[in-house]
Each structure stands twice: as C-alpha cells, then as structure tokens.
Amino acid sequence: MSNNQQINFADWQDETLAIRYGYHPTQEGEHGEAMILTSSFVYDSAAQAAARFSGAEPGNIYSRFTNPTVGAFERRLAALEGAEMAVATSSGMAAILTACMGLLNAGDHVICSRSVFGATQILFANHLSRFGIQTTFVDLTDHQAWQDAIQATTRLFFLETPSNPLMEVGDIGGLCAIAHAVDALVMVDNCLMTPILQKPLALGADIVIHSATKFIDGQGRALGGAVLGSKALMSAVYGFLRTTGATMSAFNAWIFLKGLETLALRMKAQSEQALAVAQWLEAHERVEAVFYPGLASHPQAELIAKQQSAGGAVLSFRVTGGRAEAWKVIDAVQIFSRSANLGDVKSIITHPATTTHGRVAEADRLAAGITENLIRLSIGLESLTDLKADLARG
Ligand SMILES: *Cc1c(COP(=O)(O)O)cnc(C)c1O
C-alpha cells in the first residue's frame, strides 16, 4: 500500500491502469483485491459509528452503499474513463435508471436517440413517463432534429454510440455543443466501446453509462453497471442509489475487477476479428449490407477515426430475404452462441427484431432500421477461420 503514494497514476496508460490502479497487494496474496462478502461493518465505538453515519469519518457502513470491493471497481473504472467518480449498480439498466432518478425531476424533458438499446427505449417511453419525465426520440445523426426537439424544460440528451445494432455513430462533441448551449446534460452509454476504445467525458459528455455485463466482464458471468462523471453529478446519483439499493454485489465487483485486467487486450483482439468478419461479409453475395464502424465504407468513417480508436466487436448485417432467411443463418451455426448477450469472448448471434427489440413497437422498430433480415454478431476470440466457416453454413 505504501508504494502507491509515490506513483503518479496520470502517467499510466490504460493497459496499466486496468490492471494496477488502486492495487493494494497484501502479504496474503498477489491478488489483493479481496472479495469482501458482508452485508454490514462493525465499529470500535459508539462515537465511531456516529462519525461514519454523519460522514465525518470515511469508512464502510453497510454494503447497500459502501463495500471495499465495489469501491475498488468504481475507482479503477473511473480512472479508465477519466471520471472524478463512479457509482456501480446491479445492472446496466439499473445504471441508467439510477442516473435518471438521481439527476432528473418530474417536469423535465429528455431527448434520446431513437437507436438505443431496446430496454433503454422502453424505460424512457413507458416508465419514466409515468413519473412526469417526457422523452422525445430523434435520429442519432440528425443534429437539426436534436436542436428542434429542445424545449424550455429539456434537461438531458441521451445517446449510445455506436448504436446497437445498426452501428450508427453519434458525434459526441457536436451533440454536447447543442446540449450545453441550453444547459442540458449529455449522457452517453459507452457499453459497446468501453473506455479502451472511446472516452466520452474527454469529448465533452457529462455522464457515462456502462453495462459491465458486456465487455467489462467479457465472459458472461455476472450482471452489473456503472454511472460515471463529476463528483457533483455523481453525488446526486449516489444519493439515490444508497437509498434505493440497485447496488452492485461485492462478488460481481470482484469478477469485474478481473475482467478489467484483460479488457484492453480483448477489445483490441475482438475489434481486429470483427473487422475481418465485416470485410468478409461485405464481399458475400447473399449479404445486402454490413454495418460496422471500422469499415472504410462506413458513411461516418471520418468521425469514427476522430472519436474511436477501433471499431469494437459488434456488427450487424442484412441477409438477402426476410425473417426466414435470417433465422436460417442463426439456426445453422454450430460455434456462435444463439444469445441476446454481447461482449463475450464467445461469439454471439442475435436476431434483434424478435429478441432485443421484440418489445419495441413495430413502427418504432422499423423507423430505427431493425428489419426482419437483420442479424447482429458479437465477435469473440475463437479462430477467425472457424467463425467464417460457421456463418457460411447458413
Ligand atoms: C446490455 C446493454 C444495456 C443494459 O445492461 P444490463 O446489464 O443488461 O442491464 C444497456 N446498454 C447497452 C448498449 C447494452 O448493450
């Protein structure tokens, strides 16, 4: 522990931060991020208990809102995103809900990209609306539409970039300029890129959302999420979380700490594989279109080069035909997992129209481009040769 005092973490690259930041090796073991599985903590005296509860003395109280393992994960992810503070949550959706409940009030208006994760769309359209928070959905790339949707009560812009599953890229800096001109906050779901490939806060965003369930874990073991940003904003988010309890478990935080250690390596390797699959699909005669933010043919290649350091592991494509043809490909694979997950070292194949976006109203789904012949892939670390042969089967 004593050594850390002399280290200037600002000099460290992401690969080192992800493995060593806040690392306190103990004599018990090289892997000092102990998994502290306890609901509550004890105090030396009544006075200490009072000091902990009043906040006069920092320290642990109760794992709904303070746990050392969860804290270690929060600090390491914050270091990677360049955030002052992170708040870990029980899932990615809990991160979005907790952030919105902590930062918005009844009467506030939200502008949200139309092509966000299915559950995110439903959260804004069907649930936050019941508490007096109204949302207007706009096209991610149509800046005039964001501008025109602004109302006197607009408090938040919400976007995901690249969008899932169509891999459209939102100009984070450009949308921040529009939002900040009217004092609205910008919240970016950075799940598909992770801080290894994209840092929204450095591009001007106020809040970053993560589903740790995806790439941060990387091996499909646990659900978790995080909200990141300035101390002032995160204090409000944390205030809501500590009362309402959509908390990350210590066990899951320990898994995510292990996931962070290999995140940089996985993101780079999976991006390389995904690019190769995308190029191969693009040349395939039974493929109508390929959506991958790493292809030279992507309409926003210039913006992508500025904003992302690689294309990531997720891509989608349209087969010639409709649902029957798409399902035929999905049912023919022997290696790809038929799952709605993404971000795993195991490659995954998904039919968005009937799974992740199945509960979205058909008109909204089609407006977002989620057609019946669309297939989403999350590329893992299996052999590229085997993955191509597996897709070719369908
Ligand atoms: C999966 C996902 C979420 C939700 O995360 P959970 O951990 O499943 O709650 C949010 N945003 C994106 C982009 C996702 O892929």
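Attention here is on the structure that accompanies the text.

The rules we used
Residues numbered from 1 in each chain as written. Predicted model: local features only at pLDDT ≥ 70, side-chain atom pairs only at ≥ 80, totals over all residues. Heavy atoms only, no water. Helix = DSSP H or I, 4+ residues; strand = E, 2+ residues; numbered from the N terminus. Rg over C-alpha atoms; globule rule 2.2 N^0.38 Å. Buried < 20%, exposed > 50% of the residue type's maximum accessible area, 1.4 Å probe, protein only. Contact = heavy atoms within 4.5 Å. Areas by Shrake-Rupley, 256 points an atom, 1.4 Å probe, with all protein chains shown as cover. Near = heavy atom within 4 Å. Polar contact = N/O pair within 3.5 Å; in protein donor to acceptor, adjacent residues only side chain to side chain. Phe/Tyr/Trp six-rings, centres within 6.5 Å; stacked < 30°, edge-to-face > 60°. Lys NZ or Arg CZ within 6 Å of the ring centre and 35° of its normal. Axes fitted to C-alpha atoms, helices over the stretch in contact; angles between N-to-C directions. Left-handed = near helix turned anticlockwise from the far one by under 90°. Nonpolar A, V, L, I, M, F, W, Y, C, P; charged D, E, K, R; others polar. Pairing = 2+ DSSP bridges. Salt bridge = Lys/Arg side-chain N within 4 Å of Asp/Glu carboxyl O.

**Looking at the overall build of the protein chain**
Item 1. On a plain count of helices and strands, the protein chain comes out with 15 helices and twelve strands.
Item 2. The C-alpha atoms of the protein chain give a radius of gyration of 21 Å, which matches the 21 Å a tight globule of 394 residues would have.
Item 3. By its C-alpha atoms, the protein chain is 75 × 55 × 35 Å across when sized along the principal axes.
Item 4. Relative to its full complement of 394 residues, the protein chain shows a buried share of 53%.
Item 5. Put simply, 72% of the contacts in the protein chain that link residues at least 6 apart link residues at least 24 apart.
Item 6. As displayed, the protein chain offers around 16,600 Å² of accessible surface, 53% of which is attributable to carbon and sulfur atoms.

**Some remarks on the site of the ligand**
Item 1. The immediate surroundings of the ligand are formed by 14 residues, with Gly 92, Asp 189, Ser 211, Thr 213 and Lys 214 found nearest.
Item 2. Here an oxygen atom of the ligand and a backbone polar atom of Met 93 are 2.8 Å apart.
Item 3. Contact distances for the ligand include 2.7 Å between an oxygen atom and a side-chain N or O atom of Lys 214.
Item 4. Burial of the ligand by the protein amounts to 92% of the accessible area it has alone, namely 380 Å².

**As for the packing of aromatic side chains**
Item 1. Per the stated rule, a full pass over the model turns up eight aromatic pairs.
Item 2. Seen from their ring centres, Phe 9 and Trp 12 are 4.9 Å apart, and the 85° between their planes marks the pair as edge-to-face.
Item 3. An aromatic cluster is present here, built from Phe 9, Trp 12 and Tyr 21 joined pairwise through their rings.
Item 4. When the ring centre of Phe 65 is taken as origin, the NZ or CZ atom of Arg 242, which lies over that ring, is 3.9 Å away.

**Regarding the packing of helix 11 (residues 263-282) against helix 15 (residues 384-392)**
Item 1. Look at helix 11 against helix 15: their axes get within 11 Å of each other, and the N-to-C directions meet at 35°. Seen along the crossing, helix 11 lies across helix 15 with a hand that is right-handed. Packed against helix 11, whose contacting residues are Gln 273, Ala 276, Val 277 and Trp 280, the element helix 15 presents Leu 384, Leu 387, Lys 388, Leu 391 and Ala 392 at the interface.
Item 2. Each residue belonging to the contact of helix 11 with helix 15 can be placed in one class, and the counts come to seven nonpolar, one polar and one charged.

**Brief notes about the pairing of strand 6 (residues 207-211)**
Item 1. Among the five residues in strand 6, five count as buried, and that is most of the element.
Item 2. Burial along strand 6 is two-sided: the residues Ile 207, Ile 209 and Ser 211 and Val 208 and His 210 are all buried.
Item 3. Pairing analysis gives three bridges linking strand 5 (residues 185-189) to strand 6, with the strands arranged parallel. Within the sheet, the bridge partner assigned to Val 188 lies in strand 6 and is Val 208.

**Re the pattern of salt bridges**
Item 1. Evaluated as defined, the whole model comprises eight salt bridges.
Item 2. The salt bridge involving Lys 258 is made with Glu 261; its shortest N-O contact spans 3.8 Å. Here the residue Lys 258 and the residue Glu 261 both occupy positions in helix 10 (residues 250-261), the gap between them amounting to three residues, near one helical turn.
Item 3. Classification of Lys 258 by relative accessible area gives partly exposed; the value is 23%.
Item 4. Glu 261 gets classed as partly exposed once you look at its relative accessible area, which sits at 23%.
Item 5. A salt bridge links Asp 390 to Arg 393; the nearest nitrogen and oxygen atoms lie 2.9 Å apart.

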